[in-house]
Amino acid sequence: QVQLVESGGGLVQAGGSLRLSCAASGNIFSVNAMGWYRQAPGKQRELVATITSGGTVNYADSVKGRFTISRDNAKNTVYLQMNSLKPEDTAVYFCNALIMQNGRYGIGNYWGQGTQVTVSS
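Residues numbered from 1 in each chain as written. Predicted model: local features only at pLDDT ≥ 70, side-chain atom pairs only at ≥ 80, totals over all residues. Heavy atoms only, no water.

When you look at the state of the cysteines in this model, what are you seeing that I'm missing?
What is meant by a disulfide is a covalent connection between two cysteines, made through their sulfur atoms. Overall, the coordinates contain one disulfide when judged by the stated rule. Residue cysteine 22 pairs covalently with cysteine 95 via a disulfide, S to S 2.0 Å. Every disulfide takes its handedness from the sign of the S-S torsion; for cysteine 22 and cysteine 95 that torsion is -80°, giving left-handed. A residue pair is termed long-range when its members are at least 10 positions apart, and cysteine 22 in strand β3 (residues 18-26) and cysteine 95 in strand β9 (residues 91-101) qualify at 73 residues. Like cysteine 95, cysteine 22 is buried. (Disulfide = S-S within 2.5 Å. Helix = DSSP H or I, 4+ residues; strand = E, 2+ residues; numbered from the N terminus. Buried < 20%, exposed > 50% of the residue type's maximum accessible area, 1.4 Å probe, protein only.)

See below:
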């Protein structure tokens, strides 16, 4: 079994910052790409940022220049530093990872439980 556990969400005023963390644990052989997605009320889940095991990053246009994704491969952990937050960033943020388990064939797509980020105006 593999688990993704997120932390770091909360309530912040517009212009403020938050840092999200997501740690993968369990029967892990390797962790490939990791990323963050978000879902606002009444909207579809959307990509925020992704990072490969080699460090190549990709951002949604709406967060470029404000958010930074990073990872610690030794800890199987991905981070999302969110600066200059706006009310429209309010959403549940989900961690995602592509993981190969020990003794199993293929790569699984795993999700965290989500963490609420609320930005007040």
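Still to come is the rest of the account.
Would you explain the sheet that holds strand β1 (residues 2-7) in this entry?
Think of a sheet as strands paired side by side through backbone hydrogen bonds, with each pair either parallel or antiparallel. Read across the sheet, four strands follow the order β1-β3-β8-β7 without closing on themselves; strand pairing throughout is antiparallel. The open sheet has two free edges, formed respectively by β1 and β7 (67-72), since each of these has just one partner strand. Each neighbouring strand pair of the sheet contributes to a mean axis angle of 15°, computed without reference to strand direction. As paired strands, β3 and strand β8 (residues 77-82) are joined by six bridges and run antiparallel to one another. (Pairing = 2+ DSSP bridges. Axes fitted to C-alpha atoms, helices over the stretch in contact; angles between N-to-C directions.)

What am I meant to see in the packing of aromatic side chains here?
The way to describe two aromatic rings as a pair is by their centre distance and the angle between their planes. Within this structure, the stated rule accounts for one aromatic pair. In this structure, arginine 45 packs its charged tip against the face of phenylalanine 94, placed 3.7 Å from the ring centre. The side chain of arginine 45 reaches across the aromatic face of tryptophan 111, ending 4.7 Å from its centre. (Phe/Tyr/Trp six-rings, centres within 6.5 Å; stacked < 30°, edge-to-face > 60°. Lys NZ or Arg CZ within 6 Å of the ring centre and 35° of its normal.)

So what exactly am I meant to see when it comes to unusual backbone geometry here?
Despite not being glycine, asparagine 76 has its phi angle at roughly 50°, a positive value. Tracing the backbone shows asparagine 76 in the loop between β7 and β8. Taking relative accessible area as the criterion, asparagine 76 reaches 21% and is therefore assigned partly exposed. Residues other than glycine seldom take positive phi values, yet serine 84 does so here, at roughly 50°.

What exactly am I supposed to notice about the nonpolar core here?
Considering soluble globular proteins, one finds that nonpolar side chains tend to be buried as a cluster. Counting 32 residues, the largest nonpolar core has Trp36, Leu80, Met82, Tyr93 and Ile99 as its most contacted members. At the level of secondary structure, the elements contributing two or more residues to this core comprise β1, β3, β4 (28-39), β5 (46-51), β7, β8, β9 and β11 (115-120). In terms of residue count, the dominant contributor to this core is β9 (five residues). Leave out the neighbours within four places in its chain, and tyrosine 93 touches Glu6, Leu20, Trp36, Tyr37, Arg38, Val48, Phe67, Leu80, Met82, Gly114, Thr115 and Val117. (Core = buried A, V, L, I, M, F, W, Y, C linked by side-chain atoms within 4.5 Å. Contact = heavy atoms within 4.5 Å.)

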